[in-house]
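Residues per chain are reported as follows:
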Amino acid sequence: MNIRLTDDPFLWRGLVVFASLVGTYLFFTYVFAYLSPFIVAYAASLAMEPLVGFFERRLGISRDLATLLGIVIFVFAIGYVGVALVNNVWREAVLFTAQIPELLAHGMQLLDGFIYGSEALGAVFDWAPDWLGSWSDGLVLSLAEFAQSTIGDGVAYTSITLFRTLPSFVMWVLLFVISAFFFVKDKHLIRAAVVRNSPRELRAWFSRLRLGMIVALAGYVKAQLFIMSIVGLISFGGLAIYGYQYALFMGLLIAVLDGLPFVGSSLILVPWAVLSLIQGDMYSGLYFLALWGINFLVRQLLEPKVLSASIGIHPILMLVSIYAGLRLIGPLGILVGPMWVMSMRITLSS
C-alpha cells in the first residue's frame, strides 16, 4: 500500500514550515544583500503610489512626470531626515565622549553620599585601609580613560568605515532610485507580466497571503495602539498626580516606548526610580517603581487577549518569532520573524 506525502496533513505542514524557515534564513543571510536595493525600492514604490496617483489626478500630468515628482519628494524627505539624524547622533556622541569623566565623577559623588549616608556602610568604609581607597580611585580613573578612548576610537573608526563604503552606498542609492522609478511608473505592466507568467495556484496563494497579511498587520497595529494608549493614559495620570510638570509629554514618550520590542516603559521609569533612590528620595523612587509595575501588569494582562483577538497569534509565539529572527538574521529579523509566523499561519490555514 503506497502512502503519499499529502495523505499525512501533519507531516506535510511540518515540511512546509521547515522548508519555509530554511528558505527564509538562506534568503536573508546570503541573497538579500544582493537584492536589497530592488526589494527596498519595491516597498518604497508601494508607499509612493498614493502620492503619485494624487499628482496624476489633481495636477493632470502624465504618470512618468508624476512618478519623477514623487521620487524627488520621497528621496528629499528621507535624505533630510537621515542627515539630520546622523548629524545629531554624531554631535551628541562627541559631546558624550568629552563628558564621560564628569559623569563618572558625579556618579561617584552620589555613591559616596549613599554609602556614608548609612552608618553601617560608613563604618565599614572608614575601617578600610587607605590603599583600598587609592586603588578604587585609580580604578575609576582608568575606567574613565578607557571609556573615553574606546568611544573616541569608535567614532574615528566609524568615520573611516563610512568613507570607505561611500562608493557602494552611492551605487545602492542610484539603483534604489532607478528601480523605484520603474516600479511605480510601470506598475500595471509589471503586474500584468507577473500574472501572465505565473501558475494559477501560485496567484491564488499569493492573493490569499497578501489579503491575510494586510488584515493581520492591521490587527497587530490596532492592538498595539490600543495597549499603548492605555499605558500612556496610566503614565500621564500617575505623573500628573505626582505633580510632574511635563506629565503629558512623558506619558506620550512612555506610550511610544512601550510599543517597541524589548524596550517598554522600563527604559524611562526604572532608571528614574533608581536615580531617585540613590539620591535618597525614597517616596519618588518607590512611586516610579509602582507606576512601572502597573504598566507592566496592564500590558501582560491585556496583550494576550487583545493580540489573540486581533491576529490569532499568541504573544509568546510573537516574542519567540522576534527573538529568533533577531538571532538568526540580525536587526532585520525583528520585522521578518513576525511576518514569517503570520505568513505560515495564513498558508497552513488555507
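Residues numbered from 1 in each chain as written. Predicted model: local features only at pLDDT ≥ 70, side-chain atom pairs only at ≥ 80, totals over all residues. Heavy atoms only, no water.

Chemist: Mind laying out the overall build of the protein, listing which residues take part and the relevant values?
Modeler: On a plain count of helices and strands, the protein comes out with 11 helices and 0 strands. Order of helices (α) and strands (β) in the protein, N terminus to C terminus: α-α-α-α-α-α-α-α-α-α-α. For the protein, buried positions account for 26% of its 350 residues. Total accessible area on the protein is roughly 23600 Å²; 73% of this is exposed by carbon and sulfur atoms. (Helix = DSSP H or I, 4+ residues; strand = E, 2+ residues; numbered from the N terminus. Buried < 20%, exposed > 50% of the residue type's maximum accessible area, 1.4 Å probe, protein only. Areas by Shrake-Rupley, 256 points an atom, 1.4 Å probe, with all protein chains shown as cover.)

Chemist: Go over the side chain of Arg 299, please, and point to the residues and values.
Modeler: Structurally, the position occupied by Arg 299 is in helix H9 (residues 282-311). A relative accessible area of 10% places Arg 299 in the buried class. Every residue in contact with Arg 299, bar those within four places of it in the chain, is listed here: Gln 224, Ile 227, Met 228, Asp 258, Gly 259 and Pro 304. (Contact = heavy atoms within 4.5 Å.)

Chemist: Break down the packing of aromatic side chains for me, citing the residues and quoting the values.
Modeler: In this description, an aromatic ring pair is defined by two values, namely the gap between the centres and the angle between the planes. Evaluation of the coordinates by the stated rule reveals 17 aromatic pairs. With a centroid separation of 5.4 Å and an interplanar angle of 35 degrees, the aromatic rings of Phe 28 and Phe 32 are classed as tilted. You can see Phe 28 and its partner Phe 32 sitting in helix H1 (residues 9-59), 4 residues apart, about one turn around the helix. A relative accessible area of 18% places Phe 32 in the buried class. Summarising the aromatic geometry, the rings of Tyr 42 and Phe 183 are spaced 5.5 Å apart at their centres and angled 75 degrees between planes, so their arrangement reads as edge-to-face. One end of the pair, Tyr 42, is in helix H1; the other, Phe 183, is in helix H4 (residues 130-185), and 141 residues separate them in sequence. Accessibility expressed as a relative area gives 43% for Tyr 42, which makes it partly exposed. One aromatic cluster is present, built from ring pairs that chain together Tyr 242, Tyr 244, Trp 272, Tyr 283, Tyr 287 and Phe 288. (Phe/Tyr/Trp six-rings, centres within 6.5 Å; stacked < 30°, edge-to-face > 60°.)

Chemist: Any details on the nonpolar core? Residues and values, ideally.
Modeler: Inside soluble globular proteins, nonpolar side chains tend to come together where they are buried. In this structure, Leu 239, Ile 254, Ile 311 and Ile 313 are the most contacted members of the largest nonpolar core, which totals 26 residues. At the level of elements, helix H6 (200-242), helix H7 (247-258), helix H8 (266-278), H9, helix H10 (315-329) and helix H11 (333-349) are the ones that each hand at least two residues to this core. When residues of this core are assigned to their parent elements, the largest contribution, 7 residues, is made by H6. The residues touching Ile 254, leaving out its near neighbours within four places in the chain, are Val 231, Ser 235, Leu 239, Ser 265, Ile 268, Leu 269 and Asn 295. The next biggest cluster of nonpolar side chains, apart from the first, holds 11 residues, and it includes Ala 41, Val 52, Phe 176 and Phe 181. (Core = buried A, V, L, I, M, F, W, Y, C linked by side-chain atoms within 4.5 Å.)

Chemist: Lay out the packing of H7 against H8 in plain terms, naming residues and giving numbers.
Modeler: When two helices pack together, their arrangement is given by the angle between the helix axes and by the axis-to-axis distance. Direction vectors running N to C along H7 and H8 enclose 120 degrees, while the axes themselves pass 9 Å from each other. With respect to each other, H7 and H8 are oriented oblique. Listed contacts from H8 to Met 250, Leu 253, Ile 254 and Leu 257 of H7 are Leu 267, Ile 268, Leu 269 and Trp 272. Looking at the contact of H7 with H8 residue by residue, the classes come out as 8 nonpolar, no polar and no charged. (Axes fitted to C-alpha atoms, helices over the stretch in contact; angles between N-to-C directions. Parallel < 35°, antiparallel > 145°, perpendicular 65-115°, else oblique. Nonpolar A, V, L, I, M, F, W, Y, C, P; charged D, E, K, R; others polar.)

Chemist: Tell me about the pattern of salt bridges, and please be specific about residues and values.
Modeler: A full pass over the atoms with the stated rule returns 5 salt bridges. Across the pair Glu 56 and Arg 63 runs a salt bridge, and its minimum N-O distance is 2.8 Å. Residue Glu 56 is classed as partly exposed on the basis of its relative accessible area, which comes to 27%. Linking Arg 299 and Asp 258 is a salt bridge whose minimum nitrogen-to-oxygen distance equals 2.6 Å. (Salt bridge = Lys/Arg side-chain N within 4 Å of Asp/Glu carboxyl O.)

Chemist: Report on H8, specifying residues and quantitative values.
Modeler: Taking 1.5 Å as the rise per residue, H8 with 13 residues should run 18 Å; its terminal C-alpha atoms sit 17 Å apart, in good agreement. Within H8, the full set of buried residues consists of Leu 269, Ala 273 and Ser 276. The arc that holds every buried residue of H8, seen down its axis, measures 65 degrees, which confines them to one face. Looking at the residues trailing H8, positive phi occurs at Gly 280, about 90 degrees. (Expected span 1.5 Å × (residues − 1). Arc of directions from axis to C-beta.)

Chemist: How would you summarise H6 if you had to cite specific residues and measurements?
Modeler: With 43 residues, H6 extends 62 Å from end C-alpha to end C-alpha; this agrees with the ideal 63 Å at 1.5 Å per step. Residue Gly 243 follows H6 closely and has a positive phi angle near 95 degrees.

Chemist: Can you tell me about the packing of H6 against H11, naming the residues and giving the values?
Modeler: Direction vectors running N to C along H6 and H11 enclose 125 degrees, while the axes themselves pass 9 Å from each other. Between H6 and H11, the crossing angle belongs to the class labelled oblique. Note on packing geometry: the crossing formed by H6 with H11 is right-handed. The residues of H11 that touch H6, namely those facing Trp 205, Arg 208, Leu 209, Gly 212, Met 213, Ala 216 and Leu 217, are Met 339, Met 342, Ser 343, Arg 345, Ile 346 and Thr 347. (Left-handed = near helix turned anticlockwise from the far one by under 90°.)

Chemist: Go over the confidence of the model for the protein with me, naming the residues and quoting the values.
Modeler: Per-residue confidence for the protein averages 75 on the pLDDT scale, and 72% of its residues sit at or above 70. Element-level pLDDT for the protein is lowest in helix H3 (residues 119-127), with a mean of 49, against a maximum mean of 85 in H7. (pLDDT = per-residue confidence, 0-100.)

Chemist: Would you mind going over the side chain of Ser 235 in detail, with residue names and values included?
Modeler: Residue position: Ser 235 is located in helix H6. Since its relative accessible area comes to 0%, Ser 235 is described here as buried. Reaching out from Ser 235, the side chain makes a polar contact with the side chain of Asn 295 at a distance of 3.0 Å. Not counting the four nearest positions on each side in its chain, Ser 235 is found in contact with Gly 251, Ile 254, Leu 291 and Asn 295. (Polar contact = N/O pair within 3.5 Å; in protein donor to acceptor, adjacent residues only side chain to side chain.)

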